[in-house]
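Structure at a glance
Listed below, chain by chain, are the residues.
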Amino acid sequence: SLAAFVLDHQSLVSTYIGQFDKITDAKGSLQRKMRTAYFAKHSKRKRGPGLKVNLEKLWSFSKLDDSVEIEGNRTLEASIKASG
């Protein structure tokens, strides 16, 4: 299921969903990728895997990491300009 994949690969999923502006876009994209990969491997199956997953906590941590990195880069840029 998608929930098990997210739990097993939290850092990978966090990096992937961090590129989206909305959590709904991130969740939809991840669900499409899971469904496509599942049916590519199990082509004779009629039903797909469970795709229900709550990404809110992981997505918010990913966005927090992004904003911390951006603020760090701004501070570094300002200090380089001030020293130069």
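Everything here concerns the structure above.
Let me begin by describing the structure that accompanies this report. The model shown is predicted, which means the values in this text are computed figures rather than measured ones.

**Structural notes on the pattern of salt bridges**
Two side chains that carry opposite charge are able to pair once their charged atoms sit near each other. Per the counting criterion, the structure on display carries 1 salt bridge. Of the charged contacts in the structure, one is a salt bridge between Lys-81 and Glu-77, with a shortest N-O distance of 3.3 Å. Taken together, the residues Lys-81 and Glu-77, both in helix H4 (residues 56-83) and 4 residues apart, mark about one turn of the helix. Residue classification places Lys-81 among the exposed positions, given a relative accessible area of 61%.

**Considering the packing of helix H2 (residues 10-17) against helix H3 (residues 23-41)**
With their axes 10 Å apart at the nearest point, H2 and H3 run at an angle of 125° to one another. Considered as vectors, H2 and H3 are oriented oblique to each other. Of the two possible hands of crossing, H2 and H3 adopt the one that is right-handed. Contacts between H2 and H3 involve Val-13, Tyr-16 and Ile-17 on the former and, on the latter, Ala-26, Ser-29, Leu-30 and Lys-33. When grouped by side-chain class, the residues that make up the contact of H2 with H3 number 5 nonpolar, 1 polar and 1 charged.

Analysis parameters
Residues numbered from 1 in each chain as written. Predicted model: local features only at pLDDT ≥ 70, side-chain atom pairs only at ≥ 80, totals over all residues. Heavy atoms only, no water. Salt bridge = Lys/Arg side-chain N within 4 Å of Asp/Glu carboxyl O. Helix = DSSP H or I, 4+ residues; strand = E, 2+ residues; numbered from the N terminus. Buried < 20%, exposed > 50% of the residue type's maximum accessible area, 1.4 Å probe, protein only. Axes fitted to C-alpha atoms, helices over the stretch in contact; angles between N-to-C directions. Parallel < 35°, antiparallel > 145°, perpendicular 65-115°, else oblique. Left-handed = near helix turned anticlockwise from the far one by under 90°. Contact = heavy atoms within 4.5 Å. Nonpolar A, V, L, I, M, F, W, Y, C, P; charged D, E, K, R; others polar.

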